[in-house]
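# Coordinates in review
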Amino acid sequence: MGHLSVDVRASLRLFAFYLANGTLDLDLLDGIDYRSAVFEFGSGLEQVFAIYTNVLQVDADGTVLNDGDAQYRVAQWIRACCDPSYQVEPPFQDRETELHL
């Protein structure tokens, strides 16, 4: 049975830290305290991790290739939840928001 690489585990750990600390993508989410919107109900947090892991790319050696892109897409989703006037560009594709069982 395989395990997630150290690089993937580190990316997930830092993503969770930034998310919980309120410091995820400060450029896009500056001044927005999104934590209540994400953490109040489990479905928001579930969607955040689904987007992050669906967008995250890992090479054959387990090296994470696009952590910043994955975090940015999550930040866009959060911004859209907190700011109805914000338009996500490009719009989310179904594969980015899919919840896997």
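Above this text you will find the structure in question.
## Structural notes on the environment of Asp61
Structurally, Asp61 is set in the loop between helix 4 (42–55) and helix 5 (67–82). Asp61 sits 54 residues away from Asp7 along the chain, and the two C-alpha atoms are 9.6 Å apart.

## Section: the pattern of salt bridges
Applying the stated rule across the entire model yields 3 salt bridges. A salt bridge links Arg35 to Asp33; the shortest N-O distance between them is 3.1 Å. As a salt-bridge pair, Glu96 and Arg73 come within 2.9 Å of each other at their nearest N and O atoms. Taken together, the residues Glu96 in helix 6 (residues 94–97) and Arg73 in helix 5 connect sequence positions 23 residues apart.

## Observations regarding unusual backbone geometry
Residue Glu89 is joined to Pro90 through a cis peptide bond whose omega torsion reads -10 degrees. In this structure, Pro90 sits in the loop between helix 5 and helix 6. In this structure, Asp25 is a non-glycine residue whose phi angle is positive, near 40 degrees. You can see Asp25 is positioned in the loop between helix 1 (6–21) and helix 2 (26–29).

## As for helix 4
Along its 14 residues, helix 4 runs 20 Å from first to last C-alpha, staying within 8% of the 20 Å computed at 1.5 Å per residue. All buried positions along helix 4 are accounted for by Gly44, Gln47, Val48, Ala50, Ile51, Tyr52, Asn54 and Val55. Those residues of helix 4 that are buried lie in contact with helix 1, helix 3 (35–39), helix 5 and helix 6.

Reading the values: the criteria
- Residues numbered from 1 in each chain as written.
- Predicted model: local features only at pLDDT ≥ 70, side-chain atom pairs only at ≥ 80, totals over all residues.
- Heavy atoms only, no water.
- Helix = DSSP H or I, 4+ residues; strand = E, 2+ residues; numbered from the N terminus.
- Salt bridge = Lys/Arg side-chain N within 4 Å of Asp/Glu carboxyl O.
- Expected span 1.5 Å × (residues − 1).
- Buried < 20%, exposed > 50% of the residue type's maximum accessible area, 1.4 Å probe, protein only.
- Contact = heavy atoms within 4.5 Å.

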